[in-house]
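# Commentary on secondary and tertiary structure
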There are 2 protein chains.
Amino acid sequence: MKKIRILGAGLSAHFLITYLEAEAAECNWHITVIDRDLSRINRKHFASTTAVVQADLNDSAEIQRVIDDADLVVSMLPARMHLQVALICLQKRINLATASYLSDELRALDKDVKDRDLIFMNECGLDPGIDHLSAMKLLDEIRSKGGVILEFESFTGGLVAPAFEDNPWKYKFTWNPRNVVLASQGGAVKFLHNGQYKYIPYHRVFRRTEIVKIEGYGKFEGYANRDSLKYRETYGLDQVKTMYRGTFRRPGFSKAWNCLVQLGATDDSYQVEGIEHMSHREFINTFLAYHPTDSVELKLRQYLRIDQDDVDLWEKLMSIGIFSDEKIGLLKGSPAQILQHILQKKWSLNPDDRDMIVMWHKIVYRLNGEERIIESSLVTEGESGSKTAMARTVGLPLAIMCKLILNEKIDQRGCLLPISSECYTPILAELQEHDIVFKEKDYRYQRS
Amino acid sequence: MKKIRILGAGLSAHFLITYLEAEAAECNWHITVIDRDLSRINRKHFASTTAVVQADLNDSAEIQRVIDDADLVVSMLPARMHLQVALICLQKRINLATASYLSDELRALDKDVKDRDLIFMNECGLDPGIDHLSAMKLLDEIRSKGGVILEFESFTGGLVAPAFEDNPWKYKFTWNPRNVVLASQGGAVKFLHNGQYKYIPYHRVFRRTEIVKIEGYGKFEGYANRDSLKYRETYGLDQVKTMYRGTFRRPGFSKAWNCLVQLGATDDSYQVEGIEHMSHREFINTFLAYHPTDSVELKLRQYLRIDQDDVDLWEKLMSIGIFSDEKIGLLKGSPAQILQHILQKKWSLNPDDRDMIVMWHKIVYRLNGEERIIESSLVTEGESGSKTAMARTVGLPLAIMCKLILNEKIDQRGCLLPISSECYTPILAELQEHDIVFKEKDYRYQRS
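Every value quoted in this text rests on a predicted model; they were computed, and no experiment measured them. (Residues numbered from 1 in each chain as written. Chains lettered and ligands numbered in written order. Predicted model: local features only at pLDDT ≥ 70, side-chain atom pairs only at ≥ 80, totals over all residues. Heavy atoms only, no water.)

## A closer look at the pattern of salt bridges
Pairing between side chains becomes possible if they bear opposite charge and their charged atoms approach one another. All names here are of chain A. Scanning all chains against the criterion turns up 63 salt bridges over all chains. Glu 153 serves as the salt-bridge partner of Lys 362, at 3.8 Å between the closest nitrogen and oxygen. Here Glu 153 lies in strand 7 (residues 148-160) and Lys 362 lies in strand 13 (residues 355-367), a separation of 209 residues in the sequence. Taken individually, Lys 362 and Glu 153 each receive the classification buried, so the pair is uniform in this respect. The partner of Arg 372 in a salt bridge is Asp 442, with the nearest N and O atoms 3.0 Å apart. (Salt bridge = Lys/Arg side-chain N within 4 Å of Asp/Glu carboxyl O. Helix = DSSP H or I, 4+ residues; strand = E, 2+ residues; numbered from the N terminus. Buried < 20%, exposed > 50% of the residue type's maximum accessible area, 1.4 Å probe, protein only.)

## Quick word on the side chain of B:Arg392
Residue and element names in this part refer to chain B. Structurally, the position occupied by Arg 392 is in helix 14 (residues 389-406). No salt bridge is formed by the buried Arg 392. Its closest oppositely charged neighbour is Asp 435, at 4.5 Å. In contact with Arg 392, other than residues within four places in its own chain, are Phe 15, Thr 380, Glu 381, Gly 382, Pro 397, His 434, Asp 435 and Ile 436. (Lys, Arg positive; Asp, Glu negative; His and termini not counted. Contact = heavy atoms within 4.5 Å.)

## Here we look at the interface of chain A and chain B
At the junction of the two partners, chain A supplies 33 residues and chain B supplies 33 residues. The contact between chain A and chain B buries some 3000 Å² in all, and 47% of this surface belongs to carbon and sulfur atoms. Considering only the surface of chain A that becomes buried against chain B, A:Tyr199, A:Arg204 and A:Tyr290 emerge as the three largest contributors, covering 24% of it. If you look at where chain A meets chain B, you find two salt bridges. For A:Lys190, the salt bridge goes to B:Glu273, with nearest N and O atoms at 2.6 Å. Along the contact surface separating chain A from chain B lie 25 residue pairs in polar contact (both at pLDDT 80 or more). Listed by contribution, the elements that provide at least two residues to the side of chain A that touches chain B are strand 8 (189-193), strand 9 (196-200), helix 9 (253-263) and helix 11 (296-303) of chain A. With five residues, strand 9 of chain A is the largest single contributor of residues to the side of chain A that touches chain B. (Buried area = accessible area lost by both parts, 1.4 Å probe. Polar contact = N/O pair within 3.5 Å; in protein donor to acceptor, adjacent residues only side chain to side chain.)

## Describing the domain arrangement of chain A
Residue and element names in this part refer to chain A. According to the domain assignment, chain A contains domain 1 (2-122), domain 2 (130-256 + 351-389 + 436-444) and domain 3 (266-345). On a C-alpha basis, the centres of domain 2 and domain 3 stand 30 Å from each other. Each partner contributes to the interface: domain 2 provides 13 residues, whereas domain 3 provides 15 residues. It is Pro 168, Trp 169 and Val 181 in domain 2 that bury the most area against domain 3; as a group they hold 40% of the surface buried on that side. Where domain 2 meets domain 3, there are two salt bridges. Arg 178 is the partner of Asp 268 in a salt bridge, and the nearest nitrogen-oxygen pair spans 2.6 Å. Taken together, the links from domain 2 to domain 3 amount to six residue pairs in polar contact (both at pLDDT 80 or more). A class-by-class count of the residues in the side of domain 2 that touches domain 3 yields nine nonpolar, two polar and two charged. (Domains from an automatic or database assignment. Nonpolar A, V, L, I, M, F, W, Y, C, P; charged D, E, K, R; others polar.)

## Section: the environment of B:Val394
Residues and elements named next belong to chain B. Along the chain, Val 394 falls in helix 14. Residue class for Val 394 comes out buried when judged on its relative accessible area of 9%. C-alpha of Val 394 to C-alpha of Gly 125: the two residues are 269 residues apart in sequence and 4.0 Å apart in space. For Val 394, the contacting residues outside a window of four places in its chain are Ser 12, Ala 99, Cys 124, Gly 125, Leu 126 and Trp 175.

Here is the structure:
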């Protein structure tokens, strides 16, 4: 009997565990879920055969205890906790799988992991995860036919399903809101366009967007991720002329979000003074020049040059309650933390809301002297506010990867990303059974 | 005979040493100038009595050797080197004076310095330096009459004299160009306006300017320093309603500089790829979207929404050569380093150019039930491109302070700033003999 230890019963745990439970009897697995907070586990409906353990996973000795004789550890913990888990897995010779980014510290363990004949699989969720699987499948197919990749673009968005786009931004938080507020921060955006390196400073990112149409779902707007060139080598794209990775929102989102960026309301580098008794309106006023009588609305319009007839933009700003006299309700915080708190009052998913994941790749390639384009798109909707498409698309690839590892279908060893055919072929095939299906268009490129 | 050791023969050394030499015979001082680069010393014309020593001042043992039995060390070294010098001075019981900001590490030595009956005087140049001296004199005078300070504003600018404003920016580098390119970076600007904390993100600082008129010299434009509230406690202004500190340029500078900020050309956080063969024009193009045929000029105009008839702004941008095919001439660099290098080709002071220092304080106070304003302004011009007003206004206050310390006119001990009357009264009086004169206007406040 193989022992699976799942650390952390977070947002995607439902889909991960339900999948593994369904296979457990046939595969002869024993599943244990470990979390500090038993109520988080009990709120979920696991099979009676799934063992539940309470443990403080900040404590190294506790981690040692709970994973002791496991065959595979799945860490759903925050990314910063993975190194400690990995070191213990290495020492105890246990395989490890996560949906988090492979950190440099973890990457440094690669040789030791290989030497011990282990698999530490990373980035096996949605983004990162399904983006790797689906992109590498396309790229490998083109290259196997003798094609040469010229341009690569890839966007992913966690949005709400069209029927539930009931606010002017057509957006709600479906994952970690902090990451949304801090999106594209931490250094200039860098990408490659037609052989030229291009840089966009943070305060311009949300004005350099691209519109993409996906059949049956209308238009999406993409802004650049900070790390467009990150996987150039990983994907074997060193010679590519254009490489651009970004995030999807509905059109108009970025222009309105840019207003918050321009104000400085997404800054996470300092604490705002005196927020204990501050209203939303007063918070916005800290970014506007003092005036004894002019309203916050007028000052903001003038400062950001918002035209009187730009109704769509103004409606978005009004809708998030930033001009309200409501108290913020925090004792301290950076502008970004305060903004997040204000947005969560409006942008939290209702129990009946359904979310939507949209992923899109565009690859320009040359084959037999002809330039062609492949567009590949995934759109999948959630079931409810608790069973989201986001949680499903993060949890399922990881679950299927666990099965592959336990059933010894993965030949590679070391600190891995899911970019080889032994990963993407079986996982993408099985994801189709769970309504995670890519649609492809392959057509001749007409340069205008 | 008292021994003065001057570490570093930098930009202000001429004025510092010439002043001390003039007093040396009468005061019975012996002056030694120490620098790693003897040519820097030999280019200056010191009296034959001034000893010159070559030493590597990065080397702690060398510092120990050259300052061994001094009575006073004057450090003109870069600020980061002061802590090491201070620790040696503390151990050897030698007084220390600098024109640099008092760092937290240095401040931590305060008790030890006091215990050894020593003076470590900091921030005794222009800005910081003369700003402290002149502001504290005004504030103390108002308070001694029973006045209450309501608002405090202070601006300083290192500019070129009106007769030498021969480029559209009316600006040239008269001190460290790197500080000019990085101005207001490193965190949001924070200030206080009518009792409200206000924050400006970096990418907005150069659009939130204030125009100030100084009689006989026309208009200046002030943008906010990052640290407006830094001296609130130091100046005894904890109850003040408005506190704003900034930098002066000629009107129109900030709007044009903002274009460079908006592009991302002042970013110092990453290295630009492939600059070895890059032209100025190609550098600017890295911040603009790719287009097969549109010109860099057109793309920049459109991106930054520069009106066709905004001739003044366009002339400024053209004048710094950013659209030129000239090679940058660097092997590597951040955008900020590249921009500095390009600007230095145009903005370096010619040998015959004269620079100009402008300082302005505005204090609103209540006295006997009446609200009043004091404006105090200093304008002083340099002699030439090598004998600048900047060097003189940095070097002279420090030189006079050295005299005060050596003649035992300073009673305080510890890590000090020049904010007490025993500092500002004699120094400001003597600076007047060197054309460093403040003009004051005191009038009743008419609130509009």
